[in-house]
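Below are the chains, spelled out letter by letter.
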Amino acid sequence: MKFEFEEFTSVEEVFMYLVSVAPYMKQILPVSSYKGYIFSIVPLSPISGEVLMMVYTKGNLDPGMLEFDVSTKKYKQVSSVERADKNYFIILTPTRATIADEAITVLESIKT
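Residues numbered from 1 in each chain as written. Predicted model: local features only at pLDDT ≥ 70, side-chain atom pairs only at ≥ 80, totals over all residues. Heavy atoms only, no water.

Asks: Quick one: what's the story with helix α2 (residues 98-111), residue by residue and with numbers?
Replies: A rise of 1.5 Å per residue sets the reference length of α2, with its 14 residues, at 20 Å; its end C-alpha atoms lie 20 Å apart and thus fit the reference within 8%. Considered for burial, the residues of α2 that qualify are Ala100, Asp101, Ala103, Ile104 and Leu107. For α2, the angular spread of buried residues about the axis comes to 165°, placing them on one side. Of the exposed residues in α2, those oriented more than 90 degrees away from the buried face are Thr105 and Ile110. Where α2 is buried, its residues meet β1 (2-7), β2 (28-34), β3 (37-43) and β4 (51-58). (Helix = DSSP H or I, 4+ residues; strand = E, 2+ residues; numbered from the N terminus. Expected span 1.5 Å × (residues − 1). Buried < 20%, exposed > 50% of the residue type's maximum accessible area, 1.4 Å probe, protein only. Arc of directions from axis to C-beta. Contact = heavy atoms within 4.5 Å.)

Asks: I'd like to hear about the environment of Tyr56, residue by residue, with values.
Replies: Mapping Tyr56 onto the fold places it in strand β4. We classify Tyr56 as buried; its relative accessible area is 2%. Spatially, the C-alpha atoms of Tyr56 and Phe8 are 6.1 Å apart, while their sequence positions differ by 48 residues. In this structure Tyr56 touches Phe5, Glu6, Glu7, Phe8, Val14, Tyr37, Ile38, Phe39, Leu107 and Lys111, once residues within four positions along its chain are discounted.

Asks: Tell me what's going on with the pattern of salt bridges, and back it up with residues and numbers.
Replies: In total, this model carries five salt bridges according to the counting rule given. With its nearest N and O atoms 3.8 Å apart, the salt bridge here joins Glu67 to Lys76. Residue Lys76 is classed as partly exposed on the basis of its relative accessible area of 46%. (Salt bridge = Lys/Arg side-chain N within 4 Å of Asp/Glu carboxyl O.)

Asks: Before we move on, can you summarise the nonpolar core with the specific residues and values?
Replies: Residues Phe15, Leu18, Val31, Leu61, Phe89 and Ile91 are the most contacted members of the largest nonpolar core, which totals 17 residues. Broken down by secondary-structure element, the contributors of at least two residues to this core are α1 (11-21), β2, β4, β5 (64-69) and β7 (87-92). Sorting elements by how many residues they give to this core places α1 first, with five residues. Setting aside anything within four residues of it in sequence, one finds Ile91 in contact with Phe15, Val31, Ser33, Leu61, Asp62, Pro63, Gly64 and Leu66. Formed by twelve residues, the second largest nonpolar core is a distinct cluster that contains Phe3, Leu52, Met54 and Tyr56. (Core = buried A, V, L, I, M, F, W, Y, C linked by side-chain atoms within 4.5 Å.)

Dropping the structure here:
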């Protein structure tokens with residue numbers, strides 16, 4: 001597996017990126033908060049899955065659902081999907097994530 005990386009300075013920028021590349025009408029997207037990173041791993045080669053891009057920023061988020069407003073670049077925790085004009089992120093905090101572990105290892109090795 002090969003990893004590419006796209007680093008952002010804030011979680012709002014990660015959300016903006018993910019909203020812009022999401023399939024049309026995809027309103028709920030998963031994001032992981034794991035080992036000090038907030039990220040999503042996006043396949044760049046969807047059929048083979050050989051190249052993955054980790055879109056990330058440093059930080060932590062509590063698990064749950066966040067409503068994100070593109071126009072204000074603000075998010076808030078919600079209990080359900082409430083509005084069609086908003087985007088939603090499900091924040092996951094895995095106990096173990098082998099693909100994320102591999103991506104983080106590669107990322108940290110190229111940053112040093």
